[in-house]
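Chain by chain, the residues:
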Amino acid sequence: MVATTYAGAVRAGTQAAARLHRDLGIRSRVEAHGGNVDVFGSIGALDLPLLLRPLQGLLGAYLNDPAPGILVTTQRAMSIQRFTAAHELGHFSLGHEPSLDDEGILRRMPMAGERAPKFQEVEADAFAVEFMMPRWLFFAHASRQGWTARDFVRPDRVYQLSLRLGASYAATCYTLARHRLITSGHVDALLETKPRELKAELLDPYRPDDYRGDVWLLTERDAGTRIDGSRNDIFVLRLKEHSGGGYLWDIDQLKDSGFAIVGDELSEPPEDSVGDNVLRRVTAAPPDDFRGLIELAEFRPWDPDALLTKLDVEMDLTGPEEEGLSRAERRSLLEAA
Ligand SMILES: [Zn+2]
């Protein structure tokens, strides 16, 4: 039964998402390995048929005749594809009627409020928000990154958080407020900064051809995590280098993996550092369709076996989803091979 009040619909959608997290063991996996909630992988785990197609005027659809299935557009950024897929997964999980979904699902973020909502759609949106961005996921990333409540009002932090959640910057801002981690006034202030400014600031002085791709800031705190990114993404590595002790970060593996190093500089020691460390800042553009493990290490050139620090990150930069199999399906086929 679809809820008959707005609050009831939000509750039903939220509970269904939490139930699916439990059934699929998602929380323990994400808390151990970082990264986002694998929406397309979850659809695969449920054996729910998925079609990725260029869709005219639609972001996605849920069909249930003759059997349940999901359609998701190939024509949007990965964060939108993930939200759409989570919304359609919500229709399936909640036993809804078929639905053709356009841009409305993005505007109908449960925070935004609406005059005469169709409660099935409110349920599916609440499901999508909770499935992709549960409260515990914000805490998991904050704890890994060493962020406190004050960091959630900093646009640069919230942008990096959004990349790790696999959500858009705006959706991340709204959901922070929905989880009561910031106020709606903070949301307005955060939305005054556009991701493009944050990207330009991070990359400066490097200027890419355009700012469509995302810019990930990676530090030692990202060690052991998964990066789920897109083809035009760029990486800024900010690494503490213990040069006083003779240690250097070896970034050859990045080059060997085909990354173009477009910036490499040393700067002032980090504020919290003791002794004579420097901050190494490496800007790297990945090769096309990169997928693999990046393992960088800090050691003394004359003693390469004694690693001081390691930054190992599993990257999949093949987003957004294209026609055919989802990236999650491709990954599981490769692992089985
Ligand atoms: Zn819908």
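All figures in this text were calculated on a predicted structure; none of them were measured in a lab.

Observations concerning the overall build of the protein chain
Item 1. The secondary structure content of the protein chain amounts to 13 helices and 12 strands.
Item 2. Relative to the 2.2 N^0.38 estimate, which gives 20 Å for 337 residues, the radius of gyration of the protein chain is 21 Å and therefore close to what a compact globule would have.
Item 3. Overall size of the protein chain, expressed as C-alpha extent along the three principal axes, is 65 × 50 × 40 Å.
Item 4. Taking the intrachain contacts of the protein chain between residues at least 6 apart in sequence as the baseline, contacts between residues at least 24 apart amount to 64%.
Item 5. Element-wise, carbon and sulfur atoms account for 50% of the exposed surface of the protein chain, whose accessible area totals about 16,000 Å².
Item 6. The protein chain carries 39 positive and 53 negative side-chain charges, and their two centres are separated by 5 Å.

Re the pattern of salt bridges
Item 1. Taken as a whole and judged by the stated rule, the model has 21 salt bridges.
Item 2. For Glu 322, the salt bridge identified is with Arg 231, shortest N-O distance 3.0 Å. With Glu 322 in the loop between strand E12 (303–319) and helix H13 (327–336) and Arg 231 in the loop between strand E6 (225–230) and strand E7 (234–241), the pair connects residues that are 91 residues apart, well separated along the chain.
Item 3. Residue classification places Glu 322 among the partly exposed positions, given a relative accessible area of 41%.
Item 4. With its nearest N and O atoms 2.8 Å apart, the salt bridge here joins Arg 280 to Glu 241. With a gap of 39 residues between them, Arg 280 in strand E10 (residues 278–285) and Glu 241 in strand E7 connect regions that are remote in the sequence.

Quick word on the nonpolar core
Item 1. Counting residues in each nonpolar core, the largest one holds 77 residues, and the members touching the most others are Phe 131, Phe 235, Leu 237, Leu 254, Phe 259 and Met 315.
Item 2. Residue contacts for Leu 254: discarding those within four places in its chain leaves Leu 237, Phe 259, Ile 261, Val 282, Ala 284, Ile 294 and Leu 296.
Item 3. If you look at the next biggest cluster of nonpolar residues, it comprises five residues, including Ala 3, Val 10, Val 122 and Ala 126.

Examining the domain arrangement of the protein chain
Item 1. As assigned here, the protein chain comprises domain 1 (6–132), domain 2 (136–193) and domain 3 (200–336).
Item 2. Taking only C-alpha atoms into account, the centre of domain 1 sits 21 Å from that of domain 2.
Item 3. At the junction of the two partners, domain 1 supplies 21 residues and domain 2 supplies 16 residues.
Item 4. Between domain 1 and domain 2, the buried area comes to about 1,500 Å², and carbon and sulfur atoms account for 65% of it.
Item 5. The interface formed by domain 1 and domain 2 includes zero salt bridges.
Item 6. Taken together, the links from domain 1 to domain 2 amount to four residue pairs in polar contact (both at pLDDT 80 or more).
Item 7. Of all the elements in the fold, those that place two or more residues in the side of domain 1 that touches domain 2 are helix H1 (6–24), helix H2 (26–33), helix H4 (78–93) and helix H6 (119–132).

Re the packing of aromatic side chains
Item 1. Summed over all chains, the structure comprises four aromatic pairs.
Item 2. Summarising the aromatic geometry, the rings of Phe 127 and Phe 131 are spaced 5.4 Å apart at their centres and angled 15 degrees between planes, so their arrangement reads as stacked. Linking Phe 127 with Phe 131, this pair stays in helix H6, spanning four residues, or about one helical turn.
Item 3. For Phe 127, a relative accessible area of 0% corresponds to the buried category.
Item 4. With centroids separated by 6.1 Å and ring planes inclined at 20 degrees, the aromatic side chains of Trp 216 and Phe 235 adopt a geometry described as stacked. Placement of the pair is Trp 216 in strand E5 (residues 215–218) and Phe 235 in strand E7, with a sequence separation of 19 residues. Each member of the pair, Trp 216 as well as Phe 235, is classed as buried.

Some thoughts on the coordination of the zinc ion
Item 1. Taken together, His 87 (NE2), His 91 (NE2), Ser 99 (OG), Asp 101 (OD), Asp 101 (OD) and Glu 121 (OE) make up the protein donors of the zinc ion, found 2.0 to 2.8 Å from the metal.
Item 2. Viewed at the metal, the six donor atoms of the zinc ion are separated by angles of 53 to 165 degrees, and the geometry they form is irregular.
Item 3. Donor residues binding the zinc ion come from one chain and are separated in sequence as H-x3-H-x7-S-x1-D-x19-E. No difference in accessibility class separates Ser 99 from Asp 101, as the two residues are buried.

Comments concerning the sheet that holds E10
Item 1. Reading across from one edge, E5-E7-E10-E9 is the order of the four strands in this open sheet, with mixed pairing throughout. Because the sheet does not close on itself, it has two edges, and the strands there are E5 and strand E9 (260–267). This sheet shows a mean twist of 15 degrees between the axes of neighbouring strands, independent of strand direction.
Item 2. Sheet topology places E9 next to E10; seven bridges connect them, and they run antiparallel. Considered in E10, the bridge of Ile 261 is made with Ala 284.

What to know about the packing of helix H9 (residues 169–178) against helix H10 (residues 184–192)
Item 1. Following both chains from N to C, one finds H9 and H10 inclined at 165 degrees, their axes separated by 9 Å at the closest point. As the angle between them shows, H9 and H10 are arranged roughly antiparallel. At the point where H9 passes H10, the crossing takes the right-handed sense. The segment H9 lies against H10, with Tyr 169, Ala 170, Cys 173, Tyr 174 and Ala 177 engaging Val 187, Leu 190 and Leu 191.
Item 2. Tallied by class, residues from the contact of H9 with H10 come to eight nonpolar, no polar and no charged.

Scoring rules and cut-offs
Residue numbering note: each chain is counted from 1, following its sequence as written. Two thresholds apply to this predicted model, a pLDDT of at least 70 for residue-level local features and 80 or more for giving and counting side-chain atom pairs, whereas whole-chain, interface and lining totals are computed over all residues. Just so you know, side-chain values use all the structure's heavy atoms and leave hydrogens and water out. What counts as a helix is a DSSP run of H or I of at least four residues, what counts as a strand is a run of E of at least two, and both are numbered from the N terminus. For a compact globule the rule gives 2.2 Å times the number of residues to the power 0.38, and the radius of gyration it is set against comes from C-alpha atoms. Contact definition: two residues touch when any of their heavy atoms are within 4.5 Å. Each accessible area is a Shrake-Rupley result for a 1.4 Å probe, and residues are judged covered by the shown protein chains and nothing else. Charge convention: Lys and Arg are scored as positive, Asp and Glu as negative, and His as well as the terminal groups of each chain are ignored. Lys charges are placed at NZ, Arg charges at CZ, Asp charges at CG and Glu charges at CD. We define a salt bridge as a side-chain nitrogen of Lys or Arg found within 4 Å of a carboxyl oxygen belonging to Asp or Glu. Only protein chains enter the accessibility calculation, which uses a 1.4 Å probe. A residue is then buried if its area is under 20% of the maximum for its type, exposed if over 50%, and partly exposed in between. We define the nonpolar core as a collection of buried residues of types Ala, Val, Leu, Ile, Met, Phe, Trp, Tyr and Cys that are connected through side-chain atoms lying within 4.5 Å of one another. The start and end points of each domain follow an automatic or database-based domain assignment. Reported buried area values correspond to the accessible surface (1.4 Å probe) lost by two parts on association, with both partners' losses combined. Distance and chemistry together define a polar contact, namely a pair of N or O atoms within 3.5 Å, with one atom able to donate a hydrogen and the other to accept it when in protein, and with adjacent residues in sequence counting only for side-chain atoms on both sides. Here a pair means two rings of Phe, Tyr or Trp (six-membered ring of Trp) with centres within 6.5 Å. Their orientation is stacked below 30 degrees between planes, edge-to-face above 60, and tilted elsewhere. Coordination shells were defined by N, O and S atoms within 2.8 Å of each metal, extended to 3.2 Å for Na, K and Ca; water is absent from the atom set, which can make sites look incomplete. Between 85 and 135 degrees for all angles marks four donors as tetrahedral; over 155 degrees for opposite donors together with 65 to 115 for all other angles marks four donors as square planar and six as octahedral; every other arrangement is irregular. Pairing between strands is defined by DSSP: at least two bridges between them are needed. Only the stretch in contact is used when a helix axis is fitted, and all axes are lines through C-alpha atoms; the angle between N-to-C directions ranges over 0 to 180 degrees. Here roughly perpendicular refers to angles of 65 to 115 degrees, roughly parallel to angles under 35, roughly antiparallel to angles over 145, and oblique to all remaining angles. Each crossing gets its handedness from the near helix: less than a right angle anticlockwise from the far helix is left-handed, clockwise is right-handed. Gly falls in the polar group here, along with every residue not listed as nonpolar (Ala, Val, Leu, Ile, Met, Phe, Trp, Tyr, Cys, Pro) or charged (Asp, Glu, Lys, Arg).

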